[in-house]
Amino acid sequence: MAEELFSQRTTTCGALNKDDNNKKVVLNGWVHRDRNHGSLHFINLRDRYGITQVVVDDDASPELQGTANELRMEFCIAVTGIVRLRPDSMVNADMATGEIEVKAEKIEILSRCAPLPFQLDDGLETREDLRLKYRYLDLRSQGMQKRLKLRHDFIFSIRKYLSGKDFYEIETPTLIKSTPEGARDFVVPSRLYPGKFYALPQSPQLFKQILMVGGFDKYFQIARCYRDEDARGDRQLEFTQLDLEMSFVKRDDVLSLMEDMFGHVFKEVMDVDLPVRFRRLTYADSMNTYGCDKPDLRFDLPLSDMNELAQKSSFKTFKDIVSAGGYVKALCAPKTEGVEFSRKFITELEDAAKIYGAKGLAWIKVGAENALSGGVSKFFAGLEEELVSKLEANEGDLILFVAHENWKRCCASLSAVRSKLGKDLKLIRKGFEFCWIIDFPLFEYNETGGHWEAAHHMFSMPQSQYLDTLESDPGSVKGDLYDLVLNGYEVASGSIRIHDVELQKRIFRICNFDDETAEDRFGFLLNAFRYGPPPHGGIAPGIDRMVMIMCEETSIHEVIAFPKNTAGISPMDDSPSFLDQEQLDDLHLTINYPKPKE
RNA sequence: GAGGGCGUAGCGAAGCUGGUUAUCGCGACGGCCUGUCACGCCGUAGAUCGCGGGUUCGAGUCCCGUCGCUCUCGCCA
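The numbers attached to residues start from 1 for each chain and follow its sequence in the written order. Here every chain gets a letter starting at A, and every ligand a number starting at 1, in the order they are written. In keeping with the model being predicted, local features are shown solely for residues with a pLDDT of at least 70 and side-chain atom pairs are shown and tallied solely at 80 or more, while totals for entire chains, interfaces and linings include all residues. Think of the side-chain values as coming from all heavy atoms in the structure, minus any hydrogens and water.

Chemist: Where do I start with the overall build of chain A in this structure?
Modeler: The secondary structure listing takes helices from DSSP runs of H or I that are at least 4 residues long and strands from runs of E that are at least 2 residues long, numbered from the N terminus. Within chain A, the regular secondary structure consists of 16 helices and 22 strands. Taken along its principal axes, the extent of the C-alpha atoms in chain A is 90 × 75 × 60 Å. Whether two residues are in contact is decided by their heavy atoms, any of which lying within 4.5 Å being enough. Partitioning the contacts of chain A with sequence separation of at least 6, the portion at a separation of at least 24 is 68%. Just so you have it, chain A exposes about 30900 Å², and 49% of that area is on carbon and sulfur atoms. Averaging the locations of the 75 positively and 95 negatively charged side chains of chain A gives two centres separated by 1 Å. Here the accessible surface of atoms and residues is derived via Shrake-Rupley with a 1.4 Å probe, and residues count as covered only by protein chains that are part of the display. We treat Lys and Arg as the positive residues and Asp and Glu as the negative residues; His and chain ends play no part in the count. Note on charges: their place is set at NZ of Lys, CZ of Arg, CG of Asp or CD of Glu.

In structure tokens form, the structure reads like this:
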């Protein structure tokens, strides 16, 4: 231990400026770029804080020259030298440290770097599985450094804000009881109890409710959650949410707390001003106007109900669907500079609609003085004025219709068209458009199972006006449920909870859980509710998704240090992996491998 | 479970209706270079064109199968 291992930094690569002239400094970092002019040698040295130019002059000792010539990309080095001003004409205005450079007196190679498997900072051009395999290199890129810093700032700001509002951060277990509803559980076998399993939490839902019964009336947690379902760009097997719950609150208390919190956090982290109150849309209005329950409000392009006009038209396809209880909806794509409403363009929109179940996409072009042409225009003869005024269409616009027996399919299909138009017609405004979706239905019918189930989860409070008709008409019951939507993504979901044993049991029964099963699965919650539970409610914003949107990214992988790929594999550590027979024996497990396909 | 896209040197790409020795940039390696900052210049190595089969005189290119990655539907209270 007597000998010094390396010269330890006295400052960082982002800190020096002209005030440090003539100072002797030590920098530690990585070789970011290396420009060797023979007897004059420039090295851009990088660490988390920035980049500083190091110079090896022609008067350097042969030893120093030799070391400098050995340097390669991403070598980890220590540089001892003197800060000096750059000649006026050599100042680099693009660099934070561009006014100075460090004249090297000593360079120590702390470790060498093998030839890189890909170029750093070309991160986004490189295949993602390669970036994930060598994540430690990818993390050095300025993009990843910036995004993970923002993630840290975001979480830190939330912690400060909530702590200032008297919230306690309390951890809940990650080895818990498997509950039957929701997504598939990840499970952990129990060694001590053969055949028994823990489950990893899909969210801390029941525990946070029990914390309310325990008297911690303002709780939050930055909680890891696990759901064993197929991944997507905006979701993966494990993710992080801000889990939050409060006692003695009503819906609007939760909503305004979140508005205030995100207002503070966005200002502090990004210097962005959010509106004091976010727009509120009922679920029904959102579906009818935007075709989905997570509308991107950075552009307008509303959907219109066309059932009445469809009935008046001579288009048999539409009339049949409306007569059969179906729906016809339309939207009007505005004439846009540089965009031709060609057959190809319309076919691409139609393909987008078909993914969500539409059989086709009917269209009409709007000409001068309400003249209609092309597509299904001939079936609307005599209805030109009514159609054009209903959709507020102008000359050069394109009207698009979707008809479907199923309301949700109709909405979703045309919503996909709306989204594509938003991009193709460049209608999307910059910025952050939050909105609340409220008044969700409490139940939806499970066709395959032939019973009702909770649209969100079974612990949400029905709105009081439906308490007498829960059983007789579950389909029309609205709950005290709310989602927060940002730029077309669902970023938070919450509700006021049930805190009454009898009401909770009624919900279980409607969702096909008899009293015995409910007792077996959720007995601990029902038990807790026998001991003076407070009225309570909460919400859970998704951290990954929010940070992704703040970074203007479209994949949460970009804001997670070590993500899994879409197949649930981590290419770096190669998980999941097989267990030794010994481990399996300890856990009392026998693997039942699937038979290979014929 | 289903559909679309991609797979050519370490990385990113080009390669047209099949036709000599498969190009280009970055990177690697060697050399030259006193003011660069994506330094420049000269040179060298590096590719079973994902894998298997087929059609053809001839396949990176066409066909079939398969694997991997990726986007999406289903799924995700």
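Now that the structure has been shown, we can carry on.
Chemist: Mind showing me how you'd approach the sheet that holds strand β11 (residues 279-282) here?
Modeler: Hydrogen bonds between backbone groups are what pair the strands of a sheet, and the pairing can be parallel or antiparallel. Here the rule is simple: two strands pair whenever DSSP picks up at least two bridges between them. The strand order across the open sheet formed by 8 strands is β6-β9-β10-β22-β21-β20-β17-β11, and the pairing between neighbours is mixed. The open sheet has two free edges, formed respectively by β6 (168-169) and β11, since each of these has just one partner strand. Direction of pairing for strand β10 (residues 238-247) relative to strand β22 (residues 536-541): antiparallel, over a ladder of 4 bridges. Across the sheet, residue E245 finds its bridge partner in β22, namely G538.

Chemist: Whenever I open this one, the packing of helix α7 (residues 283-290) against helix α12 (residues 407-424) confuses me. Can you help?
Modeler: Angle between the axes and distance between the axes: these two values describe a pair of packed helices. Running from N to C, α7 and α12 point in directions that differ by 55°, and their axes come no closer than 8 Å. In this view, α7 runs oblique relative to α12, as classed from their interaxial angle. Contacts between α7 and α12 involve Y283, M287, N288 and Y290 from the first element and W407, K408, C411, S415 and R418 from the second. Under the scheme applied here, ten amino acids are nonpolar (Ala, Val, Leu, Ile, Met, Phe, Trp, Tyr, Cys and Pro), four are charged (Asp, Glu, Lys and Arg), and all others, including Gly, are polar. Within the contact of α7 with α12, the residues separate by chemical class into 5 nonpolar, 2 polar and 2 charged. Simply put, an axis is a line fit to the C-alpha atoms, just over the touching stretch for a helix, and the angle between two N-to-C directions goes from 0 to 180 degrees. The labels follow the angle: roughly parallel below 35 degrees, roughly antiparallel above 145, roughly perpendicular from 65 to 115, and oblique for the rest.

Chemist: Mind showing me how you'd approach the confidence of the model for chain A here?
Modeler: As a general rule, the predicted coordinates of low-pLDDT regions are not to be interpreted in detail. For every residue, the predictor reports its confidence as pLDDT, a number between 0 and 100. This prediction gives chain A a mean pLDDT of 93; 98% of its residues lie at or above 70. The ipTM for the predicted assembly is 0.91, set against a pTM of 0.94.

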